[in-house]
Amino acid sequence: MSGDSDCTRTSPSAGSPSDNEFLPDRPKYVCSLSPDLITKAREELQEKPEWRLRDVQALRDMVCKEYPSLGTCLDDAFLLRFLRARKFDYDRALQLLVNYHTCRRSWPEVFSNLKPSAIKPVLESGFVTVLPRLDPEGRHIVCIRPDRWTPSNYPITENIRAIYLTLEKLIQSEETQVNGIVILADYKGVSLSKASHFGPFVAKKVIGILQDGFPIRIKAVNIINEPRIFKGIFAIIKPFLKEKIANRFFLHGCDLSSLHQNIPPVILPEEYGGTAGKLDISAWNELLLASEEDFLHDFSQLILPCDSSPHDMLVSGDADEKQCDDSLRGMKPQLYYCY
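Residues numbered from 1 in each chain as written. Predicted model: local features only at pLDDT ≥ 70, side-chain atom pairs only at ≥ 80, totals over all residues. Heavy atoms only, no water.

As recorded in an unreviewed UniProt entry, the chain goes by TTPAL protein and comes from Piaya cayana.

Encoded structure:
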């Protein structure tokens, strides 16, 4: 994610792939996708290799024209993430990019000093990790285990920071940009007191980031070992999920055979009835921690200037936020009822 973020610089208008020749200081994009994934990207994401750089340049021009103070990276590879996440719809990709920056600016507890070493205790706890093997669709499995979190040790925002950095690392891969990811969340042992930390403010923020503020395709969310309390939480959150995302939630309870219909045992650890050995968090932790300098360099380019005020930041307006507040205000009584 390196490159010139200064939109005052003269840029060629959208056109042929040769436009990039006029930007010698910007890293030249080289596609790393296999022929099969190029075909998949064409069919599922409307990505045409022959028009790819023209599309990136079009998005770059839109950023410079409509949000000249956004302070974003303008590299081909970086902008391409947003185009792929919105199937090369320029307007939707631009809105996603703006939302991405807005989320980072509006939640300092999560995004200040965001680097792997800062969330090392979360990584060591095993709260979030990535399974070593891909699923049959070529997707990484992000494993989240809330029972590994002890609220007295650090706030819930540290967990969100760890998840965010995990997603940032994964989305660097073009394969992940095309294939998306799968989430496996194990809610074994989650108590009412722990669940109460996921209040209205946190819920709204997390939903906003995952749905409208980050360039990643979440293809499935598998929930396992969820207590009755989770159904109460999900019933409250579901109205604020887009239908497409809500339909990708699968609640398996303690039924491992149900989980195995979505994620084959061959890639799952023994803890989830798989044959891939014990769950090992060390490999992912080492990979993420080794990326410290890369993150410091990349994130240094993503700081919004203090005097910038991009408009139409988030998809939902004030009325929607008020509705979300009113609906989520009743969360705690319902949690007690479900518990």
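Remarks on the packing of helix H2 (residues 52-66) against helix H4 (residues 90-106)
Their axes nearest at 10 Å, the elements H2 and H4 cross at an angle of 55 degrees. By the criterion of interaxial angle, the relationship of H2 to H4 is oblique. In the crossing of H2 with H4, the sense of the turn from one axis to the other is right-handed. Contacts from Arg54, Asp55, Ala58, Leu59, Met62, Val63 and Glu66 in H2 reach Tyr90, Asp91, Ala93, Leu94 and Leu97 in H4. (Axes fitted to C-alpha atoms, helices over the stretch in contact; angles between N-to-C directions. Helix = DSSP H or I, 4+ residues; strand = E, 2+ residues; numbered from the N terminus. Parallel < 35°, antiparallel > 145°, perpendicular 65-115°, else oblique. Left-handed = near helix turned anticlockwise from the far one by under 90°. Contact = heavy atoms within 4.5 Å.)

Topic: empty space enclosed by the protein
One pass over the structure, following the stated rule, counts one cavity of 30 Å³ or more. Roughly 920 Å³ of internal volume is contained in the largest cavity. Looking at the largest cavity, it is lined by 38 residues, and the ones nearest its centre are Ile163, Tyr187, Phe198, Val206 and Leu210. The residue inventory of the lining of the largest cavity, partitioned by class, reads 34 nonpolar, three polar and one charged. (1 Å grid on protein atoms, 1.4 Å probe; cavity = no way out; pocket = protein on both sides within 12 Å on 5 of 7 lines; lining within 4 Å. Points joined across faces, edges and corners; volume = space filled by probe spheres on them. Nonpolar A, V, L, I, M, F, W, Y, C, P; charged D, E, K, R; others polar.)

Focus on helix H7 (residues 156-171)
Side chains three or four residues apart in an α-helix point the same way, a direct result of the helix having 3.6 residues per turn. With 16 residues, H7 ought to run about 22 Å at 1.5 Å a step, and its terminal C-alpha atoms sit 23 Å apart, in line with that. With 15 of 16 residues buried, H7 lies mostly within the body of the structure. (Expected span 1.5 Å × (residues − 1). Buried < 20%, exposed > 50% of the residue type's maximum accessible area, 1.4 Å probe, protein only.)

Topic: the environment of Pro269
Following the sequence through the fold, Pro269 ends up in the loop between helix H13 (256-262) and helix H14 (282-289). Residues Pro269 and Leu279 lie ten residues apart in sequence; the distance between their C-alpha atoms is 5.1 Å. When near neighbours in sequence (up to four residues on either side) are disregarded, Pro269 contacts Leu131, Gly274, Ala276, Gly277, Lys278 and Leu279.

Thoughts on unusual backbone geometry
The phi dihedral of Asn113 is positive, around 55 degrees, even though this residue is not glycine. Structurally, Asn113 is set in the loop between helix H5 (108-111) and helix H6 (120-125). The phi dihedral of Asn225 falls on the positive side, at around 60 degrees, and the residue is not glycine. Inspection of the secondary structure puts Asn225 in the loop between strand E4 (218-224) and helix H11 (228-237).

What about the pairing of E4?
Burial of E4 is extensive: six of the seven residues sit out of reach of the surface. Relative to E4, strand E3 (residues 181-186) is paired through six bridges, and the arrangement is parallel. Pairing of Ile181 across the sheet is with Ile218, part of E4. (Pairing = 2+ DSSP bridges.)

Overview of the packing of aromatic side chains
Tallied over the entire structure, the rule returns six aromatic pairs. Here the aromatic rings of Phe78 and Phe82 are separated by 5.2 Å at their centres, their planes lie at 65 degrees, and the arrangement is edge-to-face. On the criterion of helical spacing, the pair formed by Phe78 and Phe82 is a turn pair, its members being four residues apart in helix H3 (residues 76-85). Here the two residues Phe78 and Phe82 agree in accessibility, since each one is buried. For the pair Tyr100 and Phe214, a centre-to-centre distance of 6.1 Å together with 50 degrees between the ring planes defines the contact as tilted. (Phe/Tyr/Trp six-rings, centres within 6.5 Å; stacked < 30°, edge-to-face > 60°.)

Comments concerning the sheet that holds E4
In space, the five strands of this open sheet follow the order E1-E2-E3-E4-E5, with mixed pairing throughout. Taken across any chain shown, the strands that pair with only one partner, and hence form the sheet edges, are strand E1 (128-130) and strand E5 (249-253). On average, adjacent strands in this sheet sit at an angle of 20 degrees to one another, irrespective of strand direction. Contacting E1, strand E2 (140-144) and E3, H7 crosses the sheet at an angle of about 15 degrees to E1.

Let's talk about the nonpolar core
Core analysis: the largest hydrophobic core is formed by 74 residues, its most contacted members being Trp107, Val142, Ile181 and Phe214. For this core, the element with the most residues is H7, which contributes eight residues. Split by domain, this core shows at least three residues from each of two domains, domain 1 (35-106) and domain 2 (118-292). Once residues lying within four places of it in the same chain are set aside, the contact partners of Val142 are Val128, Thr129, Val130, Thr166, Leu170, Ile181, Val182, Ile183 and Leu184. One finds Leu131, Ala220, Ile263 and Ile267 within the second-largest nonpolar core, a separate group that totals 13 residues. (Core = buried A, V, L, I, M, F, W, Y, C linked by side-chain atoms within 4.5 Å. Domains from an automatic or database assignment.)

A few points about the pattern of salt bridges
It is possible for side chains of opposite charge to pair when their charged atoms get near one another. For the structure on display, the rule yields eleven salt bridges. The residue Glu47 makes a salt bridge to Arg84 at a minimum N-O spacing of 2.8 Å. Of this pair, Glu47 sits in the loop between helix H1 (35-45) and H2 while Arg84 sits in helix H3, placing them 37 residues apart in sequence. Here Glu47 matches Arg84 in class, with each residue buried. Where Arg161 meets Glu158, a salt bridge forms, and the shortest distance between an N and an O atom there is 3.2 Å. Highlighted residues: Arg161 and Glu158, both in helix H7, separated by three residues, approximately one helical turn. One exposure class covers both Arg161 and Glu158, and it is buried. (Salt bridge = Lys/Arg side-chain N within 4 Å of Asp/Glu carboxyl O.)

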